[in-house]
Structure formats: structure tokens, C-alpha cells
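Inside the fold
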2 protein chains.
Amino acid sequence: MKLSTKGKYALYTMVYLGQKAGDGPQSLKGITQNILLPENYIEQLLGSLRRAGLVKTVRGAQGGYELAKSAEEITVGDIFDATEGKLSLSDCIADDAVPCPKSSSCPTRGVWEYLTASINKLFNSISLKDMLENNMKEI
Amino acid sequence: MKLSTKGKYALYTMVYLGQKAGDGPQSLKGITQNILLPENYIEQLLGSLRRAGLVKTVRGAQGGYELAKSAEEITVGDIFDATEGKLSLSDCIADDAVPCPKSSSCPTRGVWEYLTASINKLFNSISLKDMLENNMKEI
DNA sequence: GTAATCCCGATTGATTTTGTCGGGTTTAGG
DNA sequence: CCTAAACCCGACAAAATCAATCGGGATTAC
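Every residue gets a number counted from 1 within its own chain, in the order that chain's sequence is written. Chain letters start at A and ligand numbers start at 1, both assigned in the order the entries are written. At least 70 in pLDDT is required for a residue's local features to be given in this predicted model, at least 80 for side-chain atom pairs to be given and counted, and no such filter applies to totals for whole chains, interfaces and linings, which use all residues. Processing note: side-chain calculations cover all non-hydrogen atoms of the structure and skip hydrogens and water entirely.

**A short note on helix α1 (residues 5–19) of chain B**
All names here are of chain B. Helix and strand labels come from DSSP, where a helix needs a run of H or I of at least four residues and a strand needs a run of E of at least two; each type is numbered from the N terminus. A helix is expected to span 1.5 Å multiplied by its residue count minus one. Compared with an ideal rise of 1.5 Å per residue, which puts 15 residues at 21 Å, α1 spans 21 Å between its outermost C-alpha atoms and is within 8% of the ideal. Burial classes: relative accessible area under 20% of the type maximum marks a residue as buried, over 50% as exposed, and values in between as partly exposed (1.4 Å probe, protein chains only). Most of α1 sits inside the fold, with 11 of its 15 residues counted as buried. Every buried residue of α1 is listed here: G7, K8, Y9, A10, L11, T13, M14, V15, Y16, L17 and G18.

**Quick look at the protein's contact with DNA strand D**
Definition of nearness: a residue and a molecule or strand are near each other if at least one heavy atom of the residue lies within 4 Å of the molecule or strand. What surrounds DNA strand D is a group of 27 residues, the closest being A:Q44, B:L28, B:E43, B:R50 and B:T57. Counting only atoms of DNA strand D within 4 Å of the protein, the sugar-phosphate share comes to 65%. Counted as a polar contact is a pair of N or O atoms within 3.5 Å, where, for protein atoms, one must be capable of donating a hydrogen and the other of accepting one, and residues adjacent in sequence contribute only when both atoms are in side chains. In the model, a base oxygen of DNA strand D is placed 3.4 Å from a nitrogen or oxygen of the A:A61 main chain. Sorting the residues of the surface near DNA strand D by element identifies α1 (5–19) and α3 (39–51) of chain A together with α3 (39–51), β1 (55–58) and β2 (64–67) of chain B as the ones contributing at least two each. Across the surface near DNA strand D, the residue classes tally to 8 nonpolar, 13 polar and 6 charged. Classification convention: Asp, Glu, Lys, Arg as charged; Ala, Val, Leu, Ile, Met, Phe, Trp, Tyr, Cys, Pro as nonpolar; all other residues, Gly among them, as polar.

**A closer look at the interface of chain A and chain B**
In what follows, a contact means two residues having at least one pair of non-hydrogen atoms within 4.5 Å. Residue-level contacts link 37 residues of chain A with 38 residues of chain B. A simple way to read buried area is as the amount of 1.4 Å-probe accessible surface that goes missing from two parts once joined, with both sides added. Carbon and sulfur atoms supply 70% of the area buried between chain A and chain B, which totals about 3,400 Å² over both sides. Every case where a carboxyl oxygen of Asp or Glu lies within 4 Å of a side-chain nitrogen of Lys or Arg is listed as a salt bridge. On the surface where chain A and chain B come into contact, there are 0 salt bridges. Applying the counting criterion to the chain A and chain B interface returns 0 residue pairs in polar contact (both at pLDDT 80 or more). Looking at the side of chain A that touches chain B, the elements with two or more residues in it are α1, α4 (76–84) and α5 (109–124) of chain A.

**Examining the packing of aromatic side chains**
Here a pair means two rings of Phe, Tyr or Trp (six-membered ring of Trp) with centres within 6.5 Å. Their orientation is stacked below 30 degrees between planes, edge-to-face above 60, and tilted elsewhere. One pass over the structure, following the stated rule, counts 6 aromatic pairs over all chains. The interplanar angle of 90° and the centroid separation of 5.0 Å between the aromatic rings of A:F80 and A:F123 together place this pair among those described as edge-to-face. Here A:F80, found in helix α4, pairs with A:F123, found in helix α5; they are 43 residues apart in sequence, far enough to count as distant. Like A:F123, A:F80 is buried. Members of the aromatic cluster, joined through ring pairs, are A:F80, A:F123 and B:W112.

**Let's talk about the packing of α1(B) against helix α2 (residues 28–35) of chain B**
Residue and element names in this part refer to chain B. Direction vectors running N to C along α1 and α2 enclose 110°, while the axes themselves pass 10 Å from each other. Put simply, α1 runs roughly perpendicular to α2. Where α1 crosses over α2, the two elements pack in a sense that is right-handed. Contact residues: α1 offers Y12, T13, Y16 and L17, while α2 offers G30, I31, N34 and I35. The residue inventory of the contact of α1 with α2, partitioned by class, reads 5 nonpolar, 3 polar and no charged. A fitted line through C-alpha atoms represents every axis, and for helices the fit uses only the stretch in contact; the resulting angles, taken between N-to-C directions, go from 0 to 180 degrees. An angle counts as roughly parallel when it lies under 35 degrees, as roughly antiparallel when it exceeds 145, as roughly perpendicular when it falls between 65 and 115, and as oblique in every other case. Rotating anticlockwise by less than a right angle from the far helix to the near helix defines a left-handed crossing, while the corresponding clockwise rotation defines a right-handed one.

**Comments concerning the side chain of B:T116**
Among the structural elements, B:T116 can be located in helix α5 (residues 109–124). With near-sequence residues (within four places) excluded, B:T116 lies in contact with B:L87, B:L89 and B:I93.

**Side note on the pairing of β1(B)**
Residues and elements named next belong to chain B. For two strands to be treated as a pair, DSSP must find no fewer than two bridges joining them. Of the pairings in the sheet, the one linking β1 to β2 comprises 4 bridges and is antiparallel in character. Residue pairing for β2: T57 is matched across the bridge by Y65. Taken together, β1 and the strand that follows it, β2, pair antiparallel across an intervening segment of 5 residues, in which G60 is found at a positive phi of about 85°.

What follows is the structure in C-alpha cells.
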């Protein structure tokens, strides 16, 4: 079980924007020169983050990206959802899943639901602020 | 973020073997006719489960697969580890990772460690017995 | 007007996933 | 001993996904 690089890169990007919060919009070029990741790829991720309402953009010259809300209001779960798509351990409980014919009797269904809920709760319990302050130990 | 079908199929298979515990070895053909998954593919997964010490096999005619230990002693984490490989949200903290040059200052490192530990704990907290008895609610 | 910058869809190469296949080995039962 | 049932295993292949790359369009500060 792995996370794709999207979630990982998006987290790096958001941490960087968090560090620069209040300093005005950060250009894509500036961001990627700092976090050392492919410019065009990060651009795509920033698009997802924008559409999810996590960053806002200023277009045109001197434009760039910045956090759309405070670091307390953004969670790891928000960032993963925006870039990796909703957590889905088993299709049978995904939002758009066709109902499985044996769903009522399936002995693993409860497990998927429980695991999905637990992991989502975990992801949503960590804010960008926690990361910036390196608060992981006490959570 | 998704689990591959390996972990999912392996869970189905193990639940089936748990239901048949005590009834002697179950043939691959019998297993897959019940859980309705591709025979040759499940065979591969059973190989991984065997090498991980979760199932044991009886070779030759009338042979088959059965749990190698009691359902209490097998966890979801064991099954996922055996079939999907160790949980790895970020390479930088994997066992075989080359140490990242900026590891000490990386603000996301703590997050990966915390998330990985939490999810592993979650996976290890659910036994095959819990699944068989549908005990998820109370965990 | 122009350069800086974001926006976005299409395409591509690499990798991983999800199987399939063929033959080898083991063993119960007659 | 023979045979059929069954596991074992490595190689192969199709499909899907990932990780970018690219080219051009739209917006705006100066």
C-alpha cells in the first residue's frame, strides 16, 4: 500500500506555501526552485489544490499561488483528497460504486467501512499548522 | 489513495479459509469457485500468504490450503503486509530508503512517520476473528 | 505592448497492476 | 507402480495508472 507522489508533492508544496503565508503570491517558478520538483507537474497539482479551495491564485505578472485559508483550517486529508482523490480501500464502499449483489452478507464490508472511516479521521486530524510547527509527537 | 486488489482479494480468501477452519485443507479450485476470483491470481496470493506464515499447504492429491494459526493470531495488517508489501506512504522513511540529505530539516518527515505508525497500528488491531464475527462496530 | 504568470487539454514513456500460461513437483488412492 | 489431483513457480502479456512533458491560450502589472 502506497501513496502516489501526488499526495507527497502536494504536501511539500503546501508546507512551502504555509511557510510563505503573508508574503504575497508565490510564483510557480519560485516554488519549484525551492522544493526542487518538476515545474509542470506541480502546476497540475496546484490546479487541483485550487479547485479544492485550498490555494488561491493571482493571475498575470507578479501573480502566483497562496493559501486560500489559514493553516489551521487545512488538513492533510484535504490535501490528499484534492490530489489523490477520495480514499477508497475497496470499491464496494466508494461513493460511485455499483451496489455489490452480495453486499449485505459480505463479511469484509464492515472492515472496509471501519478502515476507511478511521484513516479519514486520522488524515483530517492533522492540520497544515501542525506540520509547520512539527507538532506530530503530541497528537 | 487506494488499496490494490491484492489486499482485497487476500482478505476475501483469508475470510473464506477462516470460515472453513477445521474442515481440512481447501483446494484452490474450491476456494475460487466460492469467492469467484481468478484461480491463477489467487494462487499467487496464496503463495505470498504461505511464505508469510499465514496459511499452510498440503501438497498432492486431496491437498489444499488452510490457516497456519488461529484466526485470533492473524491480523489485517499481516495479510496486507504479505500481499501488498509493507505500508509505505513516503519512500524517505522506508526501510531500504537512501537517507534524504535534508531529512533532519524536512517538515513533512514527522507526518509520514506518524501516519505510517498510526495506520500500521490500525491494521494490526483487527484480527481475522474480528472479521469473521463482524466485530467492527465495537473496536 | 510586453513580459511574467497562471490555465488547461493532449500526449507520451515508464511503471505497476492484474492477470494468464505452461510445465514441474508432490502425494493419495487404487 | 500409475494416475490424477493438487500445489509450486517463473515467464509472459494486457491493461491501467502514474509521472511527467509540451504547446498554446488567457490574464495582468508595469
